[in-house]
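Close look at the chain arrangement
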Amino acid sequence: MVTLGFLIPLEAKPGKEAEVESFLREALPLAEAEPATTAWFAIRMSPSLYAIVDFFPDEPGREAHLQGEIAKALTERAPDLFEKPPNIIKTQVIAAKLPD
């Protein structure tokens, strides 16, 4: 069961949209390697606005993700790719439907 998550809106710098999409696609295997990351999505909401949305069963899983490879890569690449530093918003899941 998922109980916690993150919502991380990301605004690409002008002309960096393709690099942002490549960065997000390359992050998928890192998320897949994290046992406590129940669900992970990289989404595009407009031509330059993206987000990472991910979910975890508990606080230790969520904290492990914050210490993981995706967070490190996001911190390193943020100044080059994004208009502003990532705003990591902690979320709580109140209802969910996941595959069995």
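Residues numbered from 1 in each chain as written. Predicted model: local features only at pLDDT ≥ 70, side-chain atom pairs only at ≥ 80, totals over all residues. Heavy atoms only, no water.

**Structural notes on the overall build of the protein**
Check the secondary structure of the protein and you find three helices and four strands. Reading the protein from its N terminus to its C terminus gives the helix and strand order β-α-β-β-α-α-β. For 100 residues, the compact-globule estimate of 2.2 N^0.38 gives 13 Å, and the C-alpha radius of gyration of the protein, at 13 Å, lies within 12% of that figure. Along the longest, intermediate and shortest principal axes, the C-alpha atoms of the protein span 40 × 25 × 20 Å. Looking at the protein as a whole, 34% of its 100 residues are labelled buried. (Helix = DSSP H or I, 4+ residues; strand = E, 2+ residues; numbered from the N terminus. Rg over C-alpha atoms; globule rule 2.2 N^0.38 Å. Buried < 20%, exposed > 50% of the residue type's maximum accessible area, 1.4 Å probe, protein only.)

**Thoughts on helix 2 (residues 59-66)**
Within the sequence span of helix 2, burial applies to Gly61, Arg62 and His65. Around the axis of helix 2, the buried residues are gathered within 100° of arc, so they sit on the same side. Taken together, the buried residues of helix 2 touch strand 1 (4-11), strand 2 (39-44), strand 3 (49-56), helix 3 (69-81) and strand 4 (89-92). Its side-chain oxygen at 2.9 Å from the backbone nitrogen of Gly61, Asp58 defines the N-terminal cap of helix 2. (Arc of directions from axis to C-beta. Contact = heavy atoms within 4.5 Å. Polar contact = N/O pair within 3.5 Å; in protein donor to acceptor, adjacent residues only side chain to side chain.)

**Regarding the nonpolar core**
If you look at the biggest cluster of nonpolar residues, it comprises 18 residues, and the most contacted ones within it are Leu10, Val20, Leu24 and Phe82. Broken down by secondary-structure element, the contributors of at least two residues to this core are strand 1, helix 1 (17-32), strand 3 and helix 3. Broken down by element, the residue count for this core peaks at five residues, all from helix 1. In this view, Leu24 contacts Leu10, Trp40, Ala42, Tyr50 and Ile52; residues no more than four positions away in its chain are not counted. (Core = buried A, V, L, I, M, F, W, Y, C linked by side-chain atoms within 4.5 Å.)

**Notes on the sheet that holds strand 4**
The four strands lie next to each other as 2-3-1-4, forming an open sheet whose pairing is antiparallel. At either end of the open sheet lies a strand with only one pairing partner, and these are strand 2 and strand 4. Adjacent strand axes in the sheet meet at a mean angle of 20° when their direction is disregarded. With six bridges connecting them, strand 2 and strand 3 associate as antiparallel partners. The residue bridging Trp40 from the neighbouring strand is Asp54, located in strand 3. Together, strand 1, strand 2 and strand 3 form the strand contacts of helix 1, whose direction differs from that of strand 2 by roughly 170°. (Pairing = 2+ DSSP bridges. Axes fitted to C-alpha atoms, helices over the stretch in contact; angles between N-to-C directions.)

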